[in-house]
Amino acid sequence: MTHITKNLEDLKRRIAAACRSAGRNENQVSILAVSKLHPIEFIGEAVAAGLTRFGENYAQEAAEKIDQLDAELEWHFIGRVQSNKTRLIAEKFDWVQTVASEKIARRLSNQRPEELGPLNVCVQVDTDGNSAHGGASTAELHSLCGTIQSLPGLKLRGLMNIPLPTANQTAQREPFRQLKQEYDQLLDLGYELDTLSMGMTNDLEAAIIEGSTMIRIGTAIFGPRPV
Ligand SMILES: *Cc1c(COP(=O)(O)O)cnc(C)c1O
């Protein structure tokens, strides 16, 4: 058994326990394996262990991995989107979870190759109001969602956030609860969303309790990242 297979079993136990205490079904929470900075061999092992969705933060690094792996995998861009990388991202990825401005949304839509179909996107929301990790403010969220909805190259799937780290689970839950509220409001307005991307290795339990449908997990699957 590789360390990745073993880690994945431990992770699934954590997810199952969190779902049990939240009264949710395990199959409502999918795993995005965050492979940034890890070698391509690790991704191969993760695929062998049954994972199919991968998240990457750096466009160039990711493009090389995507080109080398010919398996039918789903690639999510989860890093900060720089204007000069939108073409590469629009051509290589299936999803972008970190759309936070109209300018970036329009570039991704324009540069998405038509034969690939619309690029799935989540709006990254700055629920802490700290902007350390970027993200749209809650004040600009509705107009940004309206713009994305009107762009032919994009398909709006949901929301994501990256809260400031804290060890306390009660404190961890607050930004997730806020994001879930924004998500529910958009559903009430008629948006057809299915993805609430929240929770990482250190706060996945809090995120699952607050309704996460996709957790983004690096360390708990692959171990610490090389620095
Ligand atoms: C790196 C990263 C993750 C994974 O973090 P871990 O703590 O290693 O699970 C998740 N989401 C984003 C946006 C990241 O940049």
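About the thresholds
- Every chain is numbered independently, its residues counted from 1 as its sequence is written.
- Only residues with pLDDT of at least 70 are given local features in this predicted model, and only at 80 or more are side-chain atom pairs given and counted; all residues enter the totals for whole chains, interfaces and linings.
- No hydrogens and no water enter the side-chain calculation; it runs on all heavy atoms of the structure.
- Here a cavity denotes a set of grid points, spaced 1 Å apart and computed over the protein atoms alone, in which a 1.4 Å probe fits but from which it cannot get out, and a pocket denotes an open set meeting protein on both sides within 12 Å along at least five of seven lines; residues with an atom within 4 Å of a point are reported as lining.
- Grid points are joined across faces, edges and corners, and a volume is the space filled by probe spheres set on the points.
- Numbering of helices and strands runs from the N terminus; a helix is a DSSP stretch of H or I covering at least four residues, while a strand is a stretch of E covering at least two.
- Exposure categories follow from relative accessible area, calculated using a 1.4 Å probe and restricted to protein chains: below 20% of the type maximum is buried, above 50% is exposed, and the middle band is partly exposed.
- Polar contact is the term for a pair of N or O atoms within 3.5 Å; when the atoms are in protein, one must be able to donate a hydrogen and the other to accept it, and sequence-neighboring residues count only if both atoms are side-chain atoms.
- Residue contacts are counted whenever heavy atoms from the two residues lie within 4.5 Å of one another.
- Charged means Asp, Glu, Lys or Arg here, nonpolar means Ala, Val, Leu, Ile, Met, Phe, Trp, Tyr, Cys or Pro, and polar covers whatever is left, Gly included.
- In these notes, residues near a molecule or strand are those with any non-hydrogen atom within 4 Å of it.
- In this description, accessible areas are obtained by the Shrake-Rupley approach with a 1.4 Å probe, and a residue is regarded as covered only by the protein chains that are shown.
- Criterion for pocket placement: a molecule counts as inside a cavity or pocket if more than half of its atoms are within 2 Å of its grid points.

Here we look at the layout of surface pockets
Taken as a whole, the largest pocket encloses approximately 660 Å³ of empty space. Lys 36, His 133, Ile 162, Met 200 and Arg 216 are the residues nearest the centre of the largest pocket, which is lined by 30 residues in total. Those elements giving two or more residues to the lining of the largest pocket turn out to be helix H7 (169-188) and strand E8 (214-217). Per-element accounting of the lining of the largest pocket gives the leading share, four residues, to H7.

A short note on the side chain of Gln 124
Within the element layout of this structure, Gln 124 appears in strand E5 (residues 119-124). Exposure remark for Gln 124: the relative accessible area of 5% places this residue in the buried category. Here Gly 134 takes part through its backbone oxygen, which lies 3.4 Å from a polar atom of the side chain of Gln 124. Once residues lying within four places of it in the same chain are set aside, the contact partners of Gln 124 are Gln 97, Thr 98, Val 99, Ala 100, His 133, Gly 134, Gly 135, Ala 136, Met 160 and Ile 162.

Remarks on the environment of Ile 40
Note on placement: Ile 40 falls in helix H2 (residues 40-48). Spatially, the C-alpha atoms of Ile 40 and Pro 152 are 33 Å apart, while their sequence positions differ by 112 residues.

Brief notes about empty space enclosed by the protein
Evaluated as defined, the whole model comprises one cavity of 30 Å³ or more. Taken as a whole, the largest cavity encloses approximately 60 Å³ of empty space. Along its surface, the largest cavity is lined by Gln 124, Val 125, Asp 126, Thr 127, Asp 128, Asn 130, Ser 131, Ala 132, His 133, Gly 134, Ile 162 and Pro 163. Its residues assigned to classes, the lining of the largest cavity shows four nonpolar, six polar and two charged.

Digging into the site of the ligand
If you check the shell around the ligand, you find Val 34, Lys 36, Asn 57, Ile 78, Ile 162, Met 200, Thr 201, Arg 216, Ile 217, Gly 218, Thr 219 and Arg 225 and nothing else. At 2.5 Å from an oxygen atom of the ligand is found a side-chain nitrogen or oxygen belonging to Thr 201. For the ligand, an oxygen atom lies 2.6 Å from a polar atom in the side chain of Thr 219. For the ligand, whose unbound accessible area comes to 390 Å², protein coverage reaches 91%. In a pocket analysis with a 2 Å cut-off to the grid points, the ligand is assigned to the largest pocket.

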